[in-house]
Each structure stands twice: as C-alpha cells, then as structure tokens.
Amino acid sequence: MYLTILILPLIGSILAGLFGKKIGVTGSHVVTISCLLVSSILATVAFYEVILCESPVYIFITSWVDSEVLNISWEFLFDSLSVAMLIPVLFISTLVHLFSVDYMAGDPHNQRFFSYLSLFTFFMLILVTGGNYLVMFVGWEGIGVVSFLLISFWYTRVQAVKSAIQALTMNRVGDMMLSIGLFAMFGIFGNLDYSTVFSISPYVNEIAITIVGLLLFIGATAKSAQVPLHVWLPGSMEGPTPVSALIHAATLVTAGIYLLLRSSWLLEYSPLSLIVIVLVGSITAFFAATSGLVQNDIKRIIAFSTISQLGYMVAAIGLSQYNVALFHLVNHAFFKALLFLSAGQIIHSMMDEQDVRKLGGLINFLPLTYSIMVIGSLSLLATPFLTGFYSKDLIIELAYAKYSFSGTFSYYLLSITAGLTAFYSFRLIMLTFLTIPNSSKVKYLNVHESSLIVIISLLTLSIFSIFFGYLFSDLFIGIGNNAFSSSIFIHPSNINLVEAEFSLPLVIKLLPALLTALGAFFAIFTYQNKPEFFVDLTDNFIGKNIYTFLNGKYFFDIIYNFYIIRKSLNYGYYITNVLERGVIEIMGPFGLSNVLFNTGKNISKLDTGIVTSYALYIVLGLISLIFLVFFPVIIDISNYPLLLLELRLFIIYVASFILYLII
C-alpha cells in the first residue's frame, strides 16, 4: 500500500505525457486525477496507521551504493513526519488537478501540463518519504527540474522563461551548498542514513555539527525562499495559477522546511545554527510583509505572503519548536492554496487581469469567490478558531518564551509582521472586491463564477482552512503528546511550550492579535473612506523613496544583477579570453605545436646554399665553444653560482656529441 502511494502519481504522469495523444485531453484528466485521488485515500489510511496507531513503516527496495566505505540503499521511511507531509501534498495536488481541468480548458497542451503536475507530485513524495539523505536528494533535485518546466510552461512568453531560469539557477546555489553539506556529513558520520547520522550526532564535535547544520540550512534557504535567496519566488508567478498554488502551498517551498524538520536530531546539538535560523526566519517574515504592502499584482501579493509565512516556520525551527513549525506548514498549505486558487478564479474571470488597481467591485459578480477569499485571508491572519490561529500565534508566543535576545527579537519582529500581513491582506480584498469598478465594461460583462468542479475544489479547501487547525491541534502540538517523538527531537533544555501557554503576561499574548486587528481596520477604513491617503504619502521626497524601496523589494534584484551577476559575467569573460584562450592555449598542445613549427621554419631559413654563410656559422660556433671551454680562465668564477658552471659543461657535452654525429 505504501509504495502504491508513491507509484500512482508517476503512472498518471507517464500515461498523460507519453500516451496523451492516444487517451486525449479528457483521458489525461481522468487518469491523473484518479491516480492522485487513490493516493490521497491511501495516504489517509497511512495517517491512521502510522500516526494514530503509532506504527511507522520502513521499506527496503534494493542496494544502491555498496562499497567498503559507503552503503546506500533505495529505502523509504513512513514515519509520523513523512505521513504528516503526505496529507497536504496529496490533498492539495488532487484539488489543484481538479481546478486545472476548468482553468486550463482552453490550453492546447493539457496533457503535458497534467503530466508535469503529477510528476512534480511524485518527486515531492520521494523527497518526504526517502529513507536516507541521498534518496531525499533525488526528490529534491526532481522537484527543482519539474518546477522549471512548470514555471516556463508557456514557453513562448519571454518573461516566463526568464523567471524559470532564475528559479532554477537560484535553487542551484542552495543545491550546491546542500551537496557540500552531504559530503561533510559523510566525512563526519561515515554514512547518509538517517538512523546512523542521528544516533551518532550527540557524540560529535559541536563545530562539525554546526558546519553541517549551516550548510543544510543554506540549501533550505534557497528552496524555501529565505533572505537572501528568495528572489526567485515572486518571479515564479509567471507560470499558470494552478502551478503557483501547488508550488507555493504544499510542495516546492515546503521542501526546505521538511529538510530542517528531518534534521532536528542534528540541529539540536548546534546552538549557533539555531540562532542563525531564527534570525533569518524572522527577518524574512518582516521583509516579505513590508514588500507585500505596496505590490499591485494579485499573485505577487500572495507570493510575498508565502515568503512571510515561510519565515514564521523557519523561525519556529530556530526556536526548536519543530512540531509547531510542521503544524503551521500543514495549516498554511491549505489556506494558501485556497488564496491562490481564488486569485486564479478572479484572473480567469477578468480576462487575465492581475493588477488589483484595475479591479474593484467584484463582490457583486463573484460573491462565492469573495466569501472563500475572506475565509482564506482570515485564516492567514490567525483569526481565533480558524486553522491559522492554532499555529501562527503560538509561534510568536514561543519566541517570547525563549527568554533570549534571539527569541525576543523574533517575537517583536513577528508581531509587527502579523499587523502588516493583516493590512496587505485586507488591502487586496478591498481593492479587488469592495472599491468602485476600475476596469472596462467588457471585462465585467465576462465575469462569472466557475464551473462546479472549481467550486468543489475551493469549498474543500475552505473546510480545511476553517476546521483542520481545531481538529488536529492536540495531535500536532498538544502538551504531552508523543505522536512525533520518533521522528522529531527537541532537546529537553529547549522545551518551553508550558511557559508559552501558561506563564506569559496577557499583554504579550494579545499584542499580535491587537496589531492584526489594527492593520485590518486601518486597511478597511482608509481604502473605504480615504483612498487618497496613500497617494498623498508618496507626494513628498521621503514617502516616494520609501515606496520605491519597498516596491522594488529592497532592490535585491538590482544588487544581484549589477554587483554579482554582471561582475561574474565579466570575470567569466576575462577567464575565457585571457586564461583559457590565452595562457592555456599558449602553454598547451596548440601553443607547443606552434612553437615547434615556427622554430623549425626559422632554422630551415639558415640553409641558404651559400658557402660563405656556412663558413660564418662554423666560425661563430667555434668561437662560442672556445669561450665556453676557457670561461673559467677568462673570468673570475668565484662570483658565479655552481649551477652556471654545470650548465657550461652540459652545453660543451651536447656540442661535442653533435660534432661527433656529424663527423
């Protein structure tokens, strides 16, 4: 049953991709969705067996690398962490496939699109169920390649191809550091197997553990879009909206979080790594929230929200609250997929219009979509008793309960981020649904709610966004619960859940909620009654520059392009033209052959056929030989090194040998 969960998406991808012309568009839809639906049902059974019944499953397939110093197998581990990841991956992938049936109905390449989606899901399943780091790395690389294919699906659009290349190259930076981390892990532990590495880690030098932990974190930074390797994620919005929902909700961006969760047994013995992780996560959350304040593309606003929430998860990992980070990952997957698919419904209805300044008044045309987007936004804001509330607020409280500089810093930064998130979320709702219509009449005449299959997808995600957190909070983060004790390790000195729940001052607990309410109220009030307020803010020099700075995403793209990419290209040009085509060609076979050819050609010119020339050569040679022989008599040799005298003798011997051969 467990291997069937992995194989079915691959079968659907192969049938839709290689046999798409035979089975047709509808056949591709039926095959891929059926395979994913069955996998989702089996994953639910696995969730019951592995987590609720506490019976993890290990499956050995065959040996992969079998040498004296390294043994790696094709093996899969279905423990509580892996199975908990299967639920959002498979459920959301199935719903995205359903949504895509209507959204991509007019596209001529449906079979290819559904094949890519299923293949993406397959590699994500390999990543989360791999029994060692190398099998996990196979899935890691697989989702990177397929994400390139999905983002550049509309390959005739130059911007889509550029965004796909940016995503691929930025992730290659993280992949390189992860590869170095795996080499370092093998050098330190002698293996890449989870059980071996984790059992030895308490007895290994802390510096070695820190090096491995930081290398793994850099790999996760690129995959999960943390500062400064985040720039690829907003650009990946160029792909179809279902791709955005799948990548930014349950798959690609959660891979880095999963890597850190799986490596908890390592990270817990490296305090420096944990401090770096919590600081980077908090800064990323704040950065993304401030950048999202002034974005105008509806999908980019939600993309920056994704980066911000990933920052929350990374901060929770840095606080050693791995189960809370996992719970927020699962919760976020549901309401973020809901927001992306709702945005896709708006874009589809408004004839591909994505600028929120050109929308407005859609509440009368898309009431169901409005209700669903409000549910997703309220869950994102951690509104009490919705899904996001049970994990997001707890992360902020746990940061303060750390009672350290990094924890306090994280608490205040994440609390401010919560208020900013509320502002840009309601700004999106106000500009899209509640302000006056700002687009053409033709577009509004085309607006309509989607078909039943899309509504089913959105309503299902809405149910998860409302009830999942309440129903499963005790299972994931309940005090005294041991559901994840076999897959996640928290050092006893880092356990502070009781303090966060029962000993924090009331004002500390309520501050994030108050800032959230303030941000939401401010957005509603200003855009409803004083929409010119934000225009007036940018009339002065300071306001204009702040707006430009935030809208330009802190100018990370400019810094990369002008100070890193351009310098690298210039350096590469220099290496190619000076070193490779200069020094290497001169010193290598090409240069050596040229030197020998030209030397022979010049020597051949001495053969003139004139007797007087030959006599001159003989006289010059004789004079040189006499000078070399009587050199010690003519000149005082005490001031010359011995090597010079030896060279003189060597020349005499060579000249005598040549003379002997001639005679």
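Data block above holds the structure.
Worth saying up front: this structure is predicted, and the values here are computed from it rather than measured. (Residues numbered from 1 in each chain as written. Predicted model: local features only at pLDDT ≥ 70, side-chain atom pairs only at ≥ 80, totals over all residues. Heavy atoms only, no water.)

Go over the overall build of the chain with me, naming the residues and quoting the values.
Secondary structure assignment for the chain yields 29 helices and two strands. For 663 residues, the compact-globule formula gives about 26 Å, and the C-alpha radius of gyration of the chain, at 33 Å, lies well above that figure. Dimensions along the principal axes, computed over C-alpha positions, put the chain at roughly 110 × 60 × 60 Å. Relative to its 663 residues, the chain shows a buried fraction of 54%. Within the chain, counting contacts between residues at least 6 apart in sequence, those at least 24 apart form 79% of the total. For the chain, the accessible surface area stands at approximately 29400 Å², while carbon and sulfur atoms represent 72% of it. For the chain, the distance from the average position of its 28 positive side-chain charges to the average position of its 33 negative side-chain charges is 13 Å. (Helix = DSSP H or I, 4+ residues; strand = E, 2+ residues; numbered from the N terminus. Rg over C-alpha atoms; globule rule 2.2 N^0.38 Å. Buried < 20%, exposed > 50% of the residue type's maximum accessible area, 1.4 Å probe, protein only. Contact = heavy atoms within 4.5 Å. Areas by Shrake-Rupley, 256 points an atom, 1.4 Å probe, with all protein chains shown as cover. Lys, Arg positive; Asp, Glu negative; His and termini not counted. Charge placed at Lys NZ, Arg CZ, Asp CG, Glu CD.)

Give me the nonpolar core: which residues, what numbers.
Counting residues in hydrophobic clusters, the biggest one holds 196 residues, and the most contacted among them are Tyr133, Met185, Leu266, Leu326 and Phe476. The element contributing the most residues to this core is helix H15 (residues 322-349), with 18 residues. Beyond its immediate chain neighbours, meaning those up to four positions away, Phe476 contacts Ala84, Asn323, Leu326, Phe327, Val330, Phe468, Asn481 and Phe484. (Core = buried A, V, L, I, M, F, W, Y, C linked by side-chain atoms within 4.5 Å.)

Explain the pattern of salt bridges to me, using residue names and the numbers behind them.
Inspection of every chain in the model, using the stated rule, returns nine salt bridges. Across the pair Glu238 and Arg300 runs a salt bridge, and its minimum N-O distance is 3.8 Å. One end of the pair, Glu238, is in the loop between helix H9 (232-235) and helix H10 (241-249); the other, Arg300, is in helix H14 (residues 298-318), with 62 residues separating them in the sequence. You can call Arg300 buried: its relative accessible area is 18%. With a shortest N-O distance of 3.2 Å, Glu397 and Lys509 are connected by a salt bridge. (Salt bridge = Lys/Arg side-chain N within 4 Å of Asp/Glu carboxyl O.)

Any details on the packing of helix H3 (residues 80-103) against H10? Residues and values, ideally.
Orientation of H3 relative to H10, taken along the N-to-C sense of each, is 170°, at an axis distance of 9 Å. Our classification of the angle between H3 and H10 gives roughly antiparallel. From H3, Ser93, Val96, Phe99, Ser100 and Tyr103 reach across to H10, where they touch Thr241, Pro242, Ala245 and Leu246. Looking at the contact of H3 with H10, its residues break down into six nonpolar, three polar and no charged. (Axes fitted to C-alpha atoms, helices over the stretch in contact; angles between N-to-C directions. Parallel < 35°, antiparallel > 145°, perpendicular 65-115°, else oblique. Nonpolar A, V, L, I, M, F, W, Y, C, P; charged D, E, K, R; others polar.)

Would you mind going over the packing of aromatic side chains in detail, with residue names and values included?
Per the stated rule, a full pass over the model turns up 41 aromatic pairs. Taking 5.6 Å as the distance between ring centres and 25° as the angle between the ring planes, the aromatic pair formed by Phe99 and Tyr103 counts as stacked. Of this pair, Phe99 and Tyr103 are both found in helix H3, four residues apart, which corresponds to roughly one turn of the helix. Here the aromatic rings of Phe287 and Phe556 are separated by 5.6 Å at their centres, their planes lie at 80°, and the arrangement is edge-to-face. Of this pair, Phe287 sits in helix H13 (residues 271-292) while Phe556 sits in helix H25 (residues 556-587), placing them 269 residues apart in sequence. (Phe/Tyr/Trp six-rings, centres within 6.5 Å; stacked < 30°, edge-to-face > 60°.)

Tell me what's going on with the side chain of Gln226, and back it up with residues and numbers.
With respect to the helices and strands, Gln226 occurs in the loop between helix H8 (206-223) and H9. Classification of Gln226 as buried rests on a relative accessible area of 0%. Separated by 3.1 Å, the side chain of Gln226 and the backbone oxygen of Ser224 make a polar contact. Not counting chain neighbours up to four residues away, the residues in contact with Gln226 comprise Thr221, Val280, Gly281, Thr284, Ile307, Leu310, Gly311 and Val314. (Polar contact = N/O pair within 3.5 Å; in protein donor to acceptor, adjacent residues only side chain to side chain.)

Describe unusual backbone geometry, and please don't skip the residues or the numbers.
Here the residue pair Val227 and Pro228 is connected by a cis peptide bond, since its omega of 5° sits within 30 degrees of zero. Secondary-structure assignment places Pro228 in the loop between H8 and H9. Residues other than glycine seldom take positive phi values, yet Ala225 does so here, at roughly 55°. Topologically, Ala225 is positioned in the loop between H8 and H9.

Mind laying out a nonpolar patch on the surface, listing which residues take part and the relevant values?
Together, Leu3, Ile7, Ile11, Ile14, Leu15, Leu18, Phe19, Ile23 and Ile61 make up a nonpolar patch on the protein surface, roughly 730 Å² of accessible area in all. Here the element with the most residues in the nonpolar patch is helix H1 (residues 2-18); it accounts for six residues. When its relative accessible area of 37% is taken as the criterion, Ile14 is described as partly exposed. (Patch = residues over 30% accessible without salt bridge, like charges linked within 9 Å, V, L, I, M, F, W, Y side chains within 5 Å.)

Any details on the packing of helix H18 (residues 405-434) against helix H22 (residues 506-529)? Residues and values, ideally.
To characterise two packed helices, one gives the angle between the axes of the helices and the distance between these axes. It is the contact of H18 with H22, at a shortest axis distance of 8 Å, that shows an interaxial angle of 25°. By the angle between their directions, the pair H18 and H22 is classed as roughly parallel. In terms of crossing hand, the pair formed by H18 and H22 is right-handed. Residue composition of the contact of H18 with H22, grouped by class: 20 nonpolar, five polar and one charged. (Left-handed = near helix turned anticlockwise from the far one by under 90°.)

Got a sec to walk through the side chain of Arg300? Specific residues and values, please.
Among the polar contacts listed, one links the side chain of Arg300 to the backbone oxygen of Pro234, at a separation of 3.4 Å. Filtering out sequence-adjacent residues up to four positions away, Arg300 remains in contact with Pro234, Gly235, Met237, Glu238, Gln295 and Lys553.

Tell me about helix H20 (residues 452-477), and please be specific about residues and values.
The terminal C-alpha atoms of H20, which comprises 26 residues, lie 36 Å apart, in line with the 38 Å expected from a rise of 1.5 Å per residue. Considering bend angle alone, the principal kink of H20 is centred on Phe467 and spans about 45°. (Expected span 1.5 Å × (residues − 1). Bend = angle between axes of the 7 residues up to and from the residue.)

If you had to explain the pairing of strand E1 (residues 57-66) to someone new, which residues and values would you point to?
Here eight bridges tie E1 to strand E2 (residues 71-78), and the two strands are oriented antiparallel to one another. Within E2, the residue paired with Val65 across the bridge is Ile72. Between E1 and E2, which pair antiparallel one after the other, the connecting turn spans four residues. (Pairing = 2+ DSSP bridges.)

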